[in-house]
Structures are given as C-alpha cells and as structure tokens.
Amino acid sequence: MQLTVSVGLILSIVLWGILSPTSLSAVFDTALVSITKNFGWLYLWAALALVIFAVYLAFSRYGNLKLGNDEDEPEFSLGAWFAMLFAAGMGIGLVFWGVAEPISHYNAAPPGLVSATPEAANAAVRYSFFHWGLHPWSIYSVVALSIAFFQYRRQRPALVSESIGTLPWRPVRRMAGLFDGLAVIATAFGVAASLGMGALQINSGLEVVFGLPVSKSAQVGIIVVTTALFITSAVTGVSKGVKWLSNFNMVVAAVLTLAVFVLGPTVAIIDTFTNTLGSYLSEFVRMSLRMTPFRESSWVSGWTVFYWAWWVSWSPFVGLFIARVSRGRTIREFIIGTVLVPSLLAFIWFSVFGGTALHMEIWQNVPIAAAVKEDVSTALFTMFGAMPMGLAMSVVATLLVLVFFVTSGDSATLVLGMMSTRGDPNPSARIKIVWGSLVAGIAISLLLAGGIKAVQTATIVFALPFTLVILLMVVSLWRGVREDWQQEQRKERELRQRLRQLMAQ
C-alpha cells in the first residue's frame, strides 16, 4: 500500500511537470524559499548535531560493536568498499561542481566579503570543503549506520522504518509506512535529477571532444544509453557490476586528479590545500551555525541550507546502499570509513580542481568565471581547454562522468528494489529493471518539459520532514547501541565468572 501511494505521488508530480512545468516550478520554488527562510536554522543545527554524534560514536566505548555477529567478516575489501561509498555518495556531483562551485563563490562571495578578491578566493575553496566534507558525510553515515545496525544486529529488514524499532512511542511506529514512502520519493526524485544533471555535463563534454551539439535530443539519447548500462550493471549484482565499476571509477578519478596536479600549478594547489584545511578547521563551528539575521542576503540559504537539505534528501538512498555493503565492520571502522576518508578525498579534489581554476582565473586571465555564468556544466572543460593535454583530459572527464552516472544509477536501482521488496538485500532482476526504467522515464519526461530544476527543488522540499525522521533514527540508534553494549558487557562478565569458577575447581 505504502509503495503504491509513493509511486502514485511520483507519477502525479511527473505528469504535473510535463503538462505544466511553469506551475510546478512556481509552487515548489515558493515552498523552497519558505522552508529555507523559516527552517534554515533546523538544517544547520541538525547537520552539526549529526557530525558531533558520528564523531562521538566512533571514538566512544561503543565503537567496537560490530555490524553483525562476532564472526562476521566484511564482504568487500577496504579499497572496494571506499570506492563504492564514494561513487554512490558524491561522485557525479564532485565532477560537476569541482570547478564550478569555487568559481561561483569567487564570482558571488559569501556575506561580508567582496567578490573577485583574494579573500573571496580563499573563502570559495573553504566553503567548498565545508559543503562537501564532514557534514554531508555525517548525514549519510548516521542514516546508514542506523539501518545497518538494526539490519545486521537485530535481523530487521533493511528499511528506514525499521531503524526506529527501539523507540517506545506508538504514534512514531504507526508512521513507519510514511517514513519508507518519503525515502522512496526522495530517492526516485534525487536520482532522476542527478541523471538530468549528468546528461547535461556529458553532453557538454561530448561537444568539446566530438562536436556533438548541446540539445535536448542528445541529452535524451545519453540518458537512454546510460540507463541501459546501469540496469545491466545492477542486474549483475553488487559483487560484480557495482564493485567493478566503482573500482574503475576510482582509478580514473585518481589518474585525472594526478594529471591536473602535475600539469597545473602544483605548488599553488598544495598551498591551497594547506591554507584551506587550516581555515576550514578554525572556522568550522562558525560556518556550521552561520545565519544572516541582520543582513539582506540569500547566500546562506541558497548554498549551505540548500546543500544540507539536498544531502538529507539523498540520505535514504546512500544510507541504504552503504548499509548493504558494510556488514561485518565495527562502528568505529564504519564511521571513519564513511566520514573521514571521503571528506579527505573531497578536500583533495576541490584543492586540485578548484585551486587550479582559481589560479588560472586570477593569474592567467582564463575566462572560467564567465563560462560558469553562462553554463555551469562547461566550467571543467573550459579549464581543461587552457591546459596541456586538455583534450585528453576532457575525454577522461567525460568518461568519468559517464561511469559515475552508471554507478549512481545502479546503486539507486538496487536501493529502490530493496525498498519495494521489504528490505530484500538482493531484489530480483525484474524489480531492478522496472525501477531503472521508471527513474530514467522521470528524468527524460522532466528534461523535455524543462522541469529538472523543479524536481531538484521538490526533492529539497521533501527533505524537511525527513530531517525529523533522521533525528528519530539518531535517538533509536543511541538506545540500540547502549542496549547491545550493555548486553556485551554482561556476556563478558558471565564468561569471566565461568572461567574463574573453572580455574577454582
């Protein structure tokens, strides 16, 4: 019943976007402005609380609890695990925004700074670290940990609703179907919007490399081809398709990063990383709770609050996928692997790509800022065009976006299949094909109707109630972790007592 309602609502919004995209956009834009204005503080406090909670759990006495039985071993190697986390969580977004976001902040600086100045450039990279670092990965990590904890330690189905199982409040338990419905809607819309965004950037890359004109028909063709690829990958299973593609992607991303690091302003990149990491850590709390009550500015709501809501909307998808591939790891290993390592990789990425772009814009007069203003999806290729081996790097970057597109798609297909089969970790191929086709259909329909931005906005609107669901998951996880730790302590005391009795005999 819950799934039928979710699919019905998804199709209703898609139909609305096709028949009246202007109306859909206007309604959700109004809702988004209202939410970011009136509830921005909630997103900021919630995200910071999740960072603190994740760090505390990782380094507390509860960190040794294993996600599973004591004898369970991880299904995937550490390298494959990191690759899948990164590919599902942020891969395509980092490629899209690696150059565009720092340049955007340089063009339109945060409140209190003058745009296109050295101070704006420093703040541009710092806020890129902030928006893609500890906060988003903590949101993903806590949601994933909650699902994995109850799935592997309490043998509950892999569903958002099951992660609130320890809460004693009957009204909350009665709303379990609503929680799963919100997760399905957020996942379907979030992935559809990302498919649209990925198609735009792939089209821009193919124009640079092969001269393929940027057009709706080309973008539809890209979505069709990549959908066929990610459905094929999803049908082969996590241990084959998703793992292989994720490993391949990490290698390609590492090669491209190394090429830009070596061929670009190497010393300036190192200086950017060093300076920005220091300012990020020193300004961490201030940025985390920054609002502008005495200034007419929409910068914080347009960037930070929007991002936090976006990560919340993606958290059921990424959380379920991370939980699926994380059995057998301890809580400490899980949090370090899903928060600290991906954040560090994001910092390196923005230092290399954002630092290079800013250096070229400021010192070499390469018109990257103008490219961002005209079309955000061309920013990366504009930077490559001014570098040695630029065409080769454009080819690699286009391939990277394509494969990230596929890994995000097959991960989402798996998660939607799990949600629609009461948490089955290996849904049938038929279910995966149906969901993959449905998500691609949503993306194509709304791309043709000009409604991709409206769907992104709709996804953010649905994130507000899901923020409250995440806070309930935190309370439930805390209760469950304490109960299991106390149970482990009792078992250890009983074992020691038996050993003493045996030795006394």
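Below is a short write-up of the structure. (Residues numbered from 1 in each chain as written. Predicted model: local features only at pLDDT ≥ 70, side-chain atom pairs only at ≥ 80, totals over all residues. Heavy atoms only, no water.)

Secondary structure summary: the chain contains 19 helices and 0 strands in total. Relative to a compact globule of 505 residues, whose C-alpha radius of gyration would be 23 Å, the chain shows 23 Å and is just as compact. The principal-axis extents of the C-alpha atoms in the chain amount to approximately 85 × 50 × 50 Å. Each of the 505 residues in the chain was classed as buried or not, and the buried ones make up 58%. Measuring between centres, the 33 positive side-chain charges of the chain sit 10 Å from its 25 negative side-chain charges. (Helix = DSSP H or I, 4+ residues; strand = E, 2+ residues; numbered from the N terminus. Rg over C-alpha atoms; globule rule 2.2 N^0.38 Å. Buried < 20%, exposed > 50% of the residue type's maximum accessible area, 1.4 Å probe, protein only. Lys, Arg positive; Asp, Glu negative; His and termini not counted. Charge placed at Lys NZ, Arg CZ, Asp CG, Glu CD.)

One non-glycine residue, Ala 116, adopts positive backbone phi at about 60 degrees. By the element assignment, Ala 116 lies in the loop between helix H4 (91–107) and helix H5 (118–132).

Counted according to the given criterion, the structure contains 26 aromatic pairs. For the pair Phe 96 and Trp 97, a centre-to-centre distance of 5.3 Å together with 65 degrees between the ring planes defines the contact as edge-to-face. Accessibility classification places Phe 96 together with Trp 97 in one group, the buried group. Both rings, one in Trp 314 and one in Phe 317, keep their centres 5.0 Å apart while their planes meet at 55 degrees; by these two values the pair is tilted. Of this pair, Trp 314 and Phe 317 both sit in helix H13 (residues 299–324), 3 residues apart, which is roughly one turn of that helix. Given the relative accessible area of 6%, Trp 314 is considered buried. Judged by relative accessible area, which is 1%, Phe 317 ranks as buried. Here Arg 61 stacks its cationic end above the ring of Trp 485, 4.1 Å away from the centre of that ring. (Phe/Tyr/Trp six-rings, centres within 6.5 Å; stacked < 30°, edge-to-face > 60°. Lys NZ or Arg CZ within 6 Å of the ring centre and 35° of its normal.)

Turning next to the layout of surface pockets. Computed from the structure, the second largest pocket encloses a volume of approximately 290 Å³. Every residue lining the second largest pocket is counted, 16 residues in all, and those nearest its centre are Ala 121, Asn 122, Thr 272, Leu 358 and Ile 362. Secondary structure elements with two or more residues in the lining of the second largest pocket: H5, helix H11 (266–282) and helix H14 (331–363). Looking at the lining of the second largest pocket residue by residue, the classes come out as 8 nonpolar, 7 polar and 1 charged. (1 Å grid on protein atoms, 1.4 Å probe; cavity = no way out; pocket = protein on both sides within 12 Å on 5 of 7 lines; lining within 4 Å. Points joined across faces, edges and corners; volume = space filled by probe spheres on them. Nonpolar A, V, L, I, M, F, W, Y, C, P; charged D, E, K, R; others polar.)

Relative to the assigned elements, Arg 290 resides in the loop between helix H12 (284–288) and H13. Despite being buried, Arg 290 has no salt bridge partner; Glu 283 is the closest side chain of opposite charge, sitting 7.2 Å away. A polar contact of 2.9 Å, which involves the side chain of Arg 290, links it to the side chain of Tyr 127. Apart from the residues within four sequence positions on either side, Arg 290 is in contact with Leu 44, Pro 110, Pro 111, Gly 112, Tyr 127 and Val 300. (Salt bridge = Lys/Arg side-chain N within 4 Å of Asp/Glu carboxyl O. Polar contact = N/O pair within 3.5 Å; in protein donor to acceptor, adjacent residues only side chain to side chain. Contact = heavy atoms within 4.5 Å.)

A separate point is H11. End to end, H11 covers 25 Å across 17 residues, agreeing with the expected 24 Å (1.5 Å per residue, within 8%). Here H11 has its buried residues at Ile 269, Thr 272, Thr 276, Ser 279 and Tyr 280. For H11, the buried positions fall inside an angular range of 110 degrees around the axis, keeping them on one side. Residues of H11 that are exposed and point more than 90 degrees away from the buried face comprise Val 267, Thr 274, Leu 281 and Ser 282. (Expected span 1.5 Å × (residues − 1). Arc of directions from axis to C-beta.)

A separate point is the pattern of salt bridges. Pairing between side chains of opposite charge can happen when their charged atoms approach one another. Inspection of the entire model under this criterion finds 10 salt bridges. When the shortest N-O distance is used, the salt bridge between Arg 324 and Glu 75 registers 3.3 Å. Here Arg 324 is found in helix H13, whereas its partner Glu 75 is found in the loop between helix H2 (21–59) and helix H3 (78–89), with 249 residues between them in sequence. Owing to a relative accessible area of 9%, Arg 324 belongs among the buried residues under this scheme. Of the charged contacts in the structure, one is a salt bridge between Arg 496 and Glu 492, with a shortest N-O distance of 3.8 Å. Taken as a pair, Arg 496 and Glu 492 lie in helix H19 (residues 452–504) at a separation of 4 residues, close to a single helical turn. Residue class for Arg 496 comes out partly exposed when judged on its relative accessible area of 42%. One salt-bridge network, held together by shared partners, links Arg 153, Arg 154, Glu 483, Asp 484 and Glu 488.

Right, let's get into the environment of Ser 20. Along the chain, Ser 20 turns up in the loop between helix H1 (2–19) and H2. Judged by its relative accessible area of 27%, Ser 20 falls in the partly exposed class. Sequence separation between Ser 20 and Phe 129 is 109 residues; the distance between their C-alpha atoms is 37 Å.

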